[in-house]
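# Notes for the structure review
If you want the building blocks of each chain, they are given just below.
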Amino acid sequence: MIFELDDTSKVKHLFDGWNETLIYSCIQKVMGKIYVIDIDNPKSAFAFVGCFGFYAGEPERELVINKPDGFVIMIPQNEAWEKLIEECFPTAKRVTRYAIKKNTVFNKEVLRKMSARCLMGMN
């Protein structure tokens, strides 16, 4: 049985090194939820927000098969989670999701020139 975790500090370490804003949102309880099998001593966790689900810690079949209904982008922390997801959902489509660069500083002058060229092409 899976449970929604209230004390998200219990799983924060499972997501260490995974710099994803969506995971932080779940851990900080801003949006999304974290699910576990063992509320007292979780060894695995599923952070879910929007249609994104992040699996961390020790692979746990029950977390995978009890994903929310509907479309879910299931994101494994490692190869062991990846294999488990594929075992549970053999017809799922595998895709590569590219992360968006964080802490980006835009060169506004370059962007202005690019947008001006686009606008000129529209006239």
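These numbers come from a predicted model, not from an experiment. Residue numbering note: each chain is counted from 1, following its sequence as written. pLDDT decides what is reported in this predicted model: residues at 70 or higher carry local features, side-chain atom pairs at 80 or more are listed and counted, and totals for whole chains, interfaces and linings draw on all residues regardless. Side-chain metrics rest on all non-hydrogen atoms present in the structure, leaving aside hydrogens and water.

Right, let's get into the overall build of the chain. Put simply, DSSP H or I for four residues or longer makes a helix, DSSP E for two residues or longer makes a strand, and each gets a number counted from the N terminus. A tally of regular secondary structure across the chain gives four helices and five strands. Restricting the calculation to C-alpha atoms gives the radius of gyration, and the globule rule supplies 2.2 Å times the number of residues raised to the power 0.38. The C-alpha radius of gyration of the chain comes to 19 Å, more than 25% above the 14 Å expected for a compact globule of 123 residues. Residues classed as buried in the chain amount to 30% of the 123 residues present. Two residues form a contact once any of their heavy atoms are found within 4.5 Å. Pairs at least 24 apart in sequence give 43% of the contacts found in the chain among residues at least 6 apart. In the form shown here, the chain has an accessible surface area of approximately 8,700 Å², with 56% of it arising from carbon and sulfur atoms. To sort residues, take the accessible area from a 1.4 Å probe on protein chains only and compare it with the maximum for the residue type: under 20% means buried, over 50% means exposed, and anything in between is partly exposed. Working definition of accessibility: Shrake-Rupley area with a 1.4 Å probe, residue cover restricted to the visible protein chains.

Before going further, it helps to examine the sheet that holds strand β3 (residues 44–49). Any two strands with at least two DSSP bridges between them are considered paired. Across the sheet, five strands lie side by side as β1-β2-β3-β4-β5; this open sheet has mixed pairing. The open sheet is flanked by β1 (3–4) and β5 (73–76), the only strands paired with a single partner. Looking at chain direction, strand β4 (residues 52–57) and β5 are connected through four bridges and run parallel. Paired with F54 across the bridge in β5 is I75.

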